[in-house]
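One letter stands for each residue in the lines below.
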Amino acid sequence: MAVQVIIPTPLRQYTGKLDRIELEAEQAKTVGDALAGLTARYAELRRHLFTEDGKLRSFVNIYLNDEDIRYLQKDQTPLHDNDVLSIVPSIAGGLTEDLPLRCICH
Amino acid sequence: MQLTDHMPLLIAHDQLEAIRQHAAREYPSECCGVLLGLADGSAKRVREVVALRNLRHDAARAQEFLPLADPWQESERNRYLIDPGDLLKVEKDARQRGLEVLGYYHSHPDHPARPSEYDREYAWPWCSYVIINVAEGRPGDYASWVLASDRSRFEPEPIELTENHRPEKGEPKETRWLYR
């Protein structure tokens, strides 16, 4: 009985190239527990997922099955056997700092 | 320099053309998409280009995921954001077919194909970041970049153009649009 965590390609270098990690359901009763368990096992993941004061980074998204935990109970969201947690990076960027002014006239 | 650490990105002519067309179509906004394929230790081979919508067109929803510092200066014209929900679907589908996310592409309308400080700030390690310049609506130079391991800068990644991949029976075409 376990919970699976899916690791995105950029973070697999910190999990020994594994693309999915199984956690015992007993040790992963909530999303927060699961992420704590994961980063305890793979310490290098920690700085990519959390800020120095322990908050989930703004460009890290966690999905429980197909739902964003932002819209559930965040890290308090309860987990059950066979649940799948996915770490999904926010992919963002844009051009140089020489920004064009936004046109607000129509 | 660790340039030798970077595997070349192998991309077919028609895949690159798909990116060029996507970039031109979205001009003057930024386009974005995902590169799926296989990495075998010596190269990253692109098998599919998946064109995605730039979530910055939906300013309110984008703001929930990754707030902009100055929404008056920043918009879909100079920022892109891939909807994490879209990316989850793409990743799931890729995994079922034995493919992985090799990286991402986006356009710089009327700006060079070089990563900005903003690009660096939000970049993830290992992934290829293909940037294409679009000058007055015409797709121009392109380049691929990888974040340095200490996150201090982007390093250029070699791109090799290959023959067009011929999908086997049952395999999807190289380019898919997840929005229209």
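Please refer to the structure higher up on the page.
Residues numbered from 1 in each chain as written. Chains lettered and ligands numbered in written order. Predicted model: local features only at pLDDT ≥ 70, side-chain atom pairs only at ≥ 80, totals over all residues. Heavy atoms only, no water.

A. Geometry of the nonpolar core. One finds Leu38(A), Ile87(A), Val34(B), Ile82(B), Tyr104(B) and Tyr129(B) to be the most contacted residues of the largest nonpolar core, which totals 60 residues. Discounting chain neighbours no more than four positions away, the residues touching Tyr129(B) are Ile91(A), Tyr80(B), Tyr104(B), Tyr122(B), Ala123(B), Trp124(B), Ala143(B), Ser144(B), Trp145(B) and Phe154(B). Core analysis: the next-biggest nonpolar cluster, separate from the first, contains 14 residues, Val46(B), Tyr105(B), Ile132(B) and Val134(B) among them. (Core = buried A, V, L, I, M, F, W, Y, C linked by side-chain atoms within 4.5 Å. Buried < 20%, exposed > 50% of the residue type's maximum accessible area, 1.4 Å probe, protein only. Contact = heavy atoms within 4.5 Å.)

B. Summary view of the sheet that holds strand β4 (residues 67-68) of chain A. Residue and element names in this part refer to chain A. The sheet built from five strands is open, its strands ordered β2-β1-β5-β3-β4 with mixed pairing. What marks the edges here is a single partner per strand, and that holds for β2 (20-24) and β4. Of the strand pairs in this sheet, strand β1 (residues 2-6) and β2 are connected by five bridges, and their pairing is antiparallel. Paired with Val3 across the strands is Leu23, a residue of β2. Seen against the sheet, helix α1 (residues 31-41) touches β1, β2, β3 (60-64) and β5 (84-89) and runs at an angle of roughly 115° to β2. (Pairing = 2+ DSSP bridges. Helix = DSSP H or I, 4+ residues; strand = E, 2+ residues; numbered from the N terminus. Axes fitted to C-alpha atoms, helices over the stretch in contact; angles between N-to-C directions.)

C. Representation of the interface of chain A and chain B in the model. Contacts between chain A and chain B engage 38 residues on the former and 40 residues on the latter. For the pairing of chain A and chain B, the buried interface totals around 3,600 Å² over both sides, and the portion due to carbon and sulfur atoms is 59%. At the junction of chain A and chain B, the tally comes to two salt bridges. Between Glu100(B) and Arg12(A) there is a salt bridge; the shortest N-O distance is 3.3 Å. At the junction of chain A and chain B, the tally comes to 14 residue pairs in polar contact (both at pLDDT 80 or more). Each residue belonging to the side of chain A that touches chain B can be placed in one class, and the counts come to 18 nonpolar, eleven polar and nine charged. As paired elements, strand β6 (residues 91-93) of chain A and strand β4 (residues 80-82) of chain B share three bridges and run antiparallel to each other. Bridge pairing links Gly93(A) to Tyr80(B) in β4(B). (Buried area = accessible area lost by both parts, 1.4 Å probe. Salt bridge = Lys/Arg side-chain N within 4 Å of Asp/Glu carboxyl O. Polar contact = N/O pair within 3.5 Å; in protein donor to acceptor, adjacent residues only side chain to side chain. Nonpolar A, V, L, I, M, F, W, Y, C, P; charged D, E, K, R; others polar.)

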